[in-house]
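In case you want the letters, here they are:
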Amino acid sequence: MKSCVTISLVAEARGGPFVFWDDLIASIRQAEEMGFDAIEIFPPSPDAIDHQQLRGALAASNLQLAALGTGAGWVRHQLTLTSADNAVREQAIAFIRSIINAAAEFGAPAIIGSMQGRATPEVPAPQARDYLRAALDVLGQAASERGVPLLYEPLNRYETNLCNTLADGVVLLESLQTDNVRLLADLFHMNIEECDIAAAFRQAGRHVGHVHFVDSNRRAAGLGHMTYGPIVRSLVDIGYQGYLSAEALPLPSSNEAALQTIRAIHYWTAAARVAGN
Ligand code: LER
Ligand code: MN
């Protein structure tokens, strides 16, 4: 498994669970110094990223781009894939498509989290799920044509009522035409929704494509009451080789949250290997 840390460039998301903020190049340098393998960026729009500058900074620091988030489509433009308004759904698809294309330039996937929206009295759950399925099929296929997967993130009940658990996510993915969509498993949401986080990973198996590695209170791993031993062990057992990405509050500071996470990742992945021998 590889380590990753988040960088938000979205002013409207301030207060959100991102480790580094605002300065992409300085954040990349910090991530490199701390020994991370990759970064995950939450950009305000696809054109906010200067590809040449990012390519140079990644090459100079030997870091990968793990993923690009699409949440700005929601926090800045109120776009969702399940809006009652057809024009809004179309704009949401166009926004995500442009992020998929930008991420694919770096061999990375885009993430669909808050842009999934939710069922409402106006758009009841069966209709909302149909909209979401149709969008994931179109966008999963678009990602496949660019040679990258697409990541779909179940969220806790306070953020969506469509898919709250990994098992809900598996049902959704298995109902699609495309097989190019993977689950983003966020330990913060899982801590709220799952009966047993390790068991949920074992059941989701090959569908797991990315992990937001964070503690129960959304602080850096080790600063809450998550039981990491069995969780990381379950990831080893399902053969997960993707990223453990720090999507955590920058507390007590960005640097301390990042350092705390990289130490926790090294500790728990080593412990899981020992436990497996
Ligand atoms: C939102 O709670 C979240 O976890 C993000 O990764 C999705 O945009
Ligand atoms: Mn997340």
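Coordinates for the structure precede this section.
So, a few notes on the structure that sits alongside this text. (Residues numbered from 1 in each chain as written. Chains lettered and ligands numbered in written order. Predicted model: local features only at pLDDT ≥ 70, side-chain atom pairs only at ≥ 80, totals over all residues. Heavy atoms only, no water.)

This part takes up the packing of aromatic side chains. Under the counting rule described, the total for this entry stands at 5 aromatic pairs. Between Phe 213 and Tyr 228, the aromatic rings sit 5.0 Å apart at their centres with planes inclined by 40°, giving tilted as the arrangement. Pair noted here: Phe 213 is in the loop between strand 8 (208-212) and helix 9 (228-237) and Tyr 228 is in helix 9, with a separation of 15 residues, a long-range link. Here the two residues Phe 213 and Tyr 228 agree in accessibility, since each one is buried. Ring geometry for Tyr 267 versus Trp 268: centroids 4.9 Å apart, planes at 90°, classification edge-to-face. You can call Trp 268 partly exposed: its relative accessible area is 26%. Ring pairs connect the aromatic residues Phe 213, Tyr 228, Tyr 267 and Trp 268, which therefore count as one cluster. Note that Lys 2 overlies the ring of Tyr 243, its terminal NZ or CZ placed 4.4 Å from the centroid. Its guanidinium or amino end placed over the ring of Tyr 131, Arg 89 lies 3.6 Å from that ring's centre, counting from NZ or CZ. (Phe/Tyr/Trp six-rings, centres within 6.5 Å; stacked < 30°, edge-to-face > 60°. Helix = DSSP H or I, 4+ residues; strand = E, 2+ residues; numbered from the N terminus. Buried < 20%, exposed > 50% of the residue type's maximum accessible area, 1.4 Å probe, protein only. Lys NZ or Arg CZ within 6 Å of the ring centre and 35° of its normal.)

Between Leu 251 and the following residue, Pro 252, the backbone shows a cis peptide bond with an omega angle of 0°. Mapped onto the elements of the fold, Pro 252 is located in the loop between strand 9 (243-246) and helix 10 (254-276). One non-glycine residue, Gln 78, lies in positive phi territory at about 55°. Inspection of the secondary structure puts Gln 78 in the loop between helix 3 (72-75) and helix 4 (86-104). Within the chain, Arg 218 stands out as a residue other than glycine whose phi angle is a positive 70°. As for its position among the elements, Arg 218 is in the loop between strand 8 and helix 9. Among the residues examined, Arg 218 registers a relative accessible area of 14% and is labelled buried.

Before going further, it helps to spend a moment on the coordination of the manganese ion (ligand 2). In this structure, Glu 153 (OE), Asp 186 (OD), His 212 (ND1) and Glu 247 (OE) serve as the protein donors to the manganese ion (ligand 2), at separations of 2.1 to 2.3 Å. Coordination geometry of the manganese ion (ligand 2): the 6 donor atoms subtend angles of 70 to 175° at the metal centre, consistent with an arrangement described as octahedral. Written as a sequence motif, the donor arrangement for the manganese ion (ligand 2) is E-x32-D-x25-H-x34-E. Of the two residues, Glu 153 sits in the loop between strand 6 (150-152) and helix 6 (166-174) while Asp 186 sits in strand 7 (residues 181-186), which places them 33 residues apart along the sequence. Exposure remark for Glu 153: the relative accessible area of 5% places this residue in the buried category. For Asp 186, a relative accessible area of 1% translates into the label buried. (Donors = N, O, S within 2.8 Å, 3.2 Å for Na, K, Ca; no water. Tetrahedral: all angles 85-135°; square planar, octahedral: opposite > 155°, others 65-115°.)

Glancing now at the site of ligand 1. Surveying the vicinity of ligand 1 reveals the residues Gly 113, Ser 114, Glu 153, Glu 159, Asp 186, His 189, His 212, Arg 218 and Glu 247. Glu 153 is positioned such that a nitrogen or oxygen atom in its side chain is 2.7 Å from an oxygen atom of ligand 1. Within the side chain of His 212, an N or O atom sits 3.5 Å from an oxygen atom of ligand 1. Burial of ligand 1 by the protein amounts to 89% of the accessible area it has alone, namely 260 Å². Residue classes in the shell around ligand 1 are distributed as no nonpolar, 4 polar and 5 charged. (Near = heavy atom within 4 Å. Polar contact = N/O pair within 3.5 Å; in protein donor to acceptor, adjacent residues only side chain to side chain. Areas by Shrake-Rupley, 256 points an atom, 1.4 Å probe, with all protein chains shown as cover. Nonpolar A, V, L, I, M, F, W, Y, C, P; charged D, E, K, R; others polar.)

Membership of the largest hydrophobic core comes to 92 residues, with the highest contact counts inside it found for Ile 39, Leu 187 and Phe 201. Residue contributions to this core peak at 10 residues, all from helix 4. Setting aside chain neighbours within four positions, we find Phe 201 in contact with Leu 166, Ala 185, Leu 187, Met 190, Val 208, Val 211, Ile 231, Ser 234, Leu 235 and Ile 238. (Core = buried A, V, L, I, M, F, W, Y, C linked by side-chain atoms within 4.5 Å. Contact = heavy atoms within 4.5 Å.)

Taken by themselves, the reported measurements are silent on function.
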